[in-house]
Amino acid sequence: EAGVTQFPSHSVIEKGQTVTLRCDPISGHDNLYWYRRVMGKEIKFLLHFVKESKQDESGMPNNRFLAERTGGTYSTLKVQPAELEDSGVYFCASSQHLGTDTGELFFGEGSRLTVL
Amino acid sequence: SQKIEQNSEALNIQEGKTATLTCNYTNYSPAYLQWYRQDPGRGPVFLLLIRENEKEKRKERLKVTFDTTLKQSLFHITASQPADSATYLCALEGYGGATNKLIFGTGTLLAVQP
């Protein structure tokens, strides 16, 4: 069974440009999460989808970030316009259950974003 | 605000010894706590989950303890091997288990010397 896949693995763009990151969760996982790790910091929560609905987007930094999950399958995270401080590794994760049912998150390998 | 502390210094141990990593937290009452392993350039990989009403959880050579009074979790790897070398992340969830919105520590780098 395929794991969580993310594309691209690495993106280098200039300040002001737009980048779209894609995540394909494990098939059958209703819960999809975006997390981010900026240089030297801990991994931080961005948002949570349950199927196609945004359950919690409290971690989104600002309105330059837009996440979608049309049809409840794959998700995209668009940054427009990108700023230098957006550089980091963006992780997608999925889970079948919530919380203490199993609690396990399956992470993708991450999309490294470099904004010059 | 909520804060999680893991030893930021690398932990170097000899093969065969037991590695013990610490996770301390403040201003928080997590419903459960998880430990993940992360290798360079890869995503985190789930290892163990321990609930607030559990004191200890084991899985093969791994053992996790959870002391809600001390607000601390200890992660042990017994009979450590060079292949155990990685960064280990502690993550807490404090929403009654209703979500997987995790708060991560910065991780501790473990290096097991042959």
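Here, every reference points to the structure presented above.
Residues numbered from 1 in each chain as written. Chains lettered and ligands numbered in written order. Predicted model: local features only at pLDDT ≥ 70, side-chain atom pairs only at ≥ 80, totals over all residues. Heavy atoms only, no water.

Asks: Can you walk me through the overall build of chain A in this structure?
Replies: Each helix and strand counted, chain A has zero helices and eleven strands in total. When the helices and strands of chain A are listed from N to C terminus, the series reads β-β-β-β-β-β-β-β-β-β-β. Taken along its principal axes, the extent of the C-alpha atoms in chain A is 40 × 25 × 25 Å. Put simply, chain A has 116 residues, and 47% of those count as buried. Sequence-distant contacts, at least 24 apart, represent 53% of the contacts inside chain A between residues at least 6 apart. By element, 47% of the accessible surface of chain A is carried by carbon and sulfur atoms, the whole surface being about 5700 Å². Across chain A, the mean location of the 12 positive side-chain charges is 6 Å away from that of the 15 negative side-chain charges. (Helix = DSSP H or I, 4+ residues; strand = E, 2+ residues; numbered from the N terminus. Buried < 20%, exposed > 50% of the residue type's maximum accessible area, 1.4 Å probe, protein only. Contact = heavy atoms within 4.5 Å. Areas by Shrake-Rupley, 256 points an atom, 1.4 Å probe, with all protein chains shown as cover. Lys, Arg positive; Asp, Glu negative; His and termini not counted. Charge placed at Lys NZ, Arg CZ, Asp CG, Glu CD.)

Asks: Honestly, the sheet that holds strand S1 (residues 5–7) of chain A in this entry has me stumped. Any pointers?
Replies: Residues and elements named next belong to chain A. Strand order in the open sheet made by the four strands is S1-S3-S8-S7, with antiparallel pairing throughout. Each having just a single partner strand, S1 and strand S7 (65–68) make up the two edges of the open sheet. Averaged over all pairs of adjacent strands, the angle between their axes in this sheet comes to 15 degrees, without regard to strand direction. Pairing analysis gives three bridges linking S1 to strand S3 (residues 19–24), with the strands arranged antiparallel. If you follow Gln6 over to S3, its bridge partner there is Cys23. (Pairing = 2+ DSSP bridges. Axes fitted to C-alpha atoms, helices over the stretch in contact; angles between N-to-C directions.)

Asks: Would you explain the sheet that holds strand S8 (residues 72–77) of chain B in this entry?
Replies: Remark on secondary structure: sheet strands pair via backbone hydrogen bonds, oriented parallel or antiparallel. Residues and elements named next belong to chain B. Within the open sheet, the five strands sit side by side as S1-S3-S8-S7-S6. Their pairing is antiparallel. Two strands close off the open sheet at either side, each with one partner strand: strand S1 (3–6) and strand S6 (56–59). Neighbour-to-neighbour, the strand axes of this sheet turn through a mean angle of 15 degrees, independent of strand direction. In terms of strand pairing, strand S7 (residues 62–67) meets S8 through six bridges, oriented antiparallel. In the sheet register, Asp67 faces S8, and the bridge partner there is Gln72.

Asks: Looking at this model, I keep getting lost on the pairing of strand S2 (residues 10–13) of chain A. Mind explaining?
Replies: Looking along a regular strand, one sees side chains alternate from face to face of the sheet. Residues and elements named next belong to chain A. Of the two faces of S2, the one holding Ser11 and Ile13 is buried and the one holding His10 and Val12 is not buried anywhere. In terms of strand pairing, S2 meets strand S11 (residues 111–115) through four bridges, oriented parallel. Paired with Val12 across the bridge in S11 is Thr114.

Asks: Would you mind going over the interface of chain B and chain A with me for this structure?
Replies: You'll often see interface size given as the accessible area lost when the parts meet. Contacts between chain B and chain A engage 21 residues on the former and 23 residues on the latter. With both sides pooled, the region where chain B packs onto chain A buries about 1800 Å², and carbon together with sulfur makes up 52% of that total. Sorting the residues of chain B by area buried against chain A places Asn100, Lys101 and Phe104 of chain B first, and these three jointly supply 32% of that buried surface. One can count two salt bridges joining chain B with chain A. Measuring nitrogen to oxygen at the nearest pair gives 2.6 Å for the salt bridge that ties Glu109 of chain A to Arg42 of chain B. On inspection of chain B and its partner chain A, the count reaches eight residue pairs in polar contact (both at pLDDT 80 or more). Elements supplying a minimum of two residues to the side of chain B that touches chain A: strand S4 (32–38) and strand S5 (45–51) of chain B. Of all the elements, S4 of chain B adds the most residues to the side of chain B that touches chain A, at four residues. (Buried area = accessible area lost by both parts, 1.4 Å probe. Salt bridge = Lys/Arg side-chain N within 4 Å of Asp/Glu carboxyl O. Polar contact = N/O pair within 3.5 Å; in protein donor to acceptor, adjacent residues only side chain to side chain.)

Asks: Looking at this model, I keep getting lost on the packing of aromatic side chains. Mind explaining?
Replies: To describe a pair of aromatic rings, one takes the distance between the centres and the angle between the planes. Residue and element names in this part refer to chain A. Considering all chains together, one arrives at 13 aromatic pairs over all chains under this definition. On the basis of an interplanar angle of 80 degrees and a centroid distance of 5.7 Å, the ring pair of Tyr35 and Phe45 is categorised as edge-to-face. Highlighted residues: Tyr35 in strand S4 (residues 31–37) and Phe45 in strand S5 (residues 44–50), separated in sequence by ten residues. No difference in accessibility class separates Tyr35 from Phe45, as the two residues are buried. Summarising the aromatic geometry, the rings of Phe91 and Phe107 are spaced 6.3 Å apart at their centres and angled 85 degrees between planes, so their arrangement reads as edge-to-face. (Phe/Tyr/Trp six-rings, centres within 6.5 Å; stacked < 30°, edge-to-face > 60°.)

Asks: Looking at this structure, how should I read the state of the cysteines?
Replies: By definition, a disulfide is the covalent link that joins the sulfur atoms of two cysteine residues. Counting across every chain of the model gives two disulfides over all chains. Each disulfide pairs two cysteine sulfurs, and for Cys23 of chain A the partner residue is Cys92 of chain A, the sulfurs being separated by 1.8 Å. Negative torsions about the S-S bond denote left-handed disulfides, and the value of about -65 degrees found for Cys23 of chain A with Cys92 of chain A makes this one left-handed. In this pair, Cys23 of chain A is assigned in strand S3 and Cys92 of chain A in strand S9 (residues 88–95), connecting sequence segments 69 residues apart. The same class applies to Cys23 of chain A and to Cys92 of chain A, which are both buried. One disulfide bridge connects Cys23 of chain B with Cys90 of chain B, the sulfur atoms lying 2.0 Å from each other. Handedness here is read from the sign of the S-S torsion; for Cys23 of chain B and Cys90 of chain B, about -60 degrees, the answer is left-handed. With Cys23 of chain B in strand S3 (residues 19–26) and Cys90 of chain B in strand S9 (residues 86–93), the pair connects residues that are 67 residues apart, well separated along the chain. Classification of Cys23 of chain B by relative accessible area gives buried; the value is 0%. (Disulfide = S-S within 2.5 Å.)

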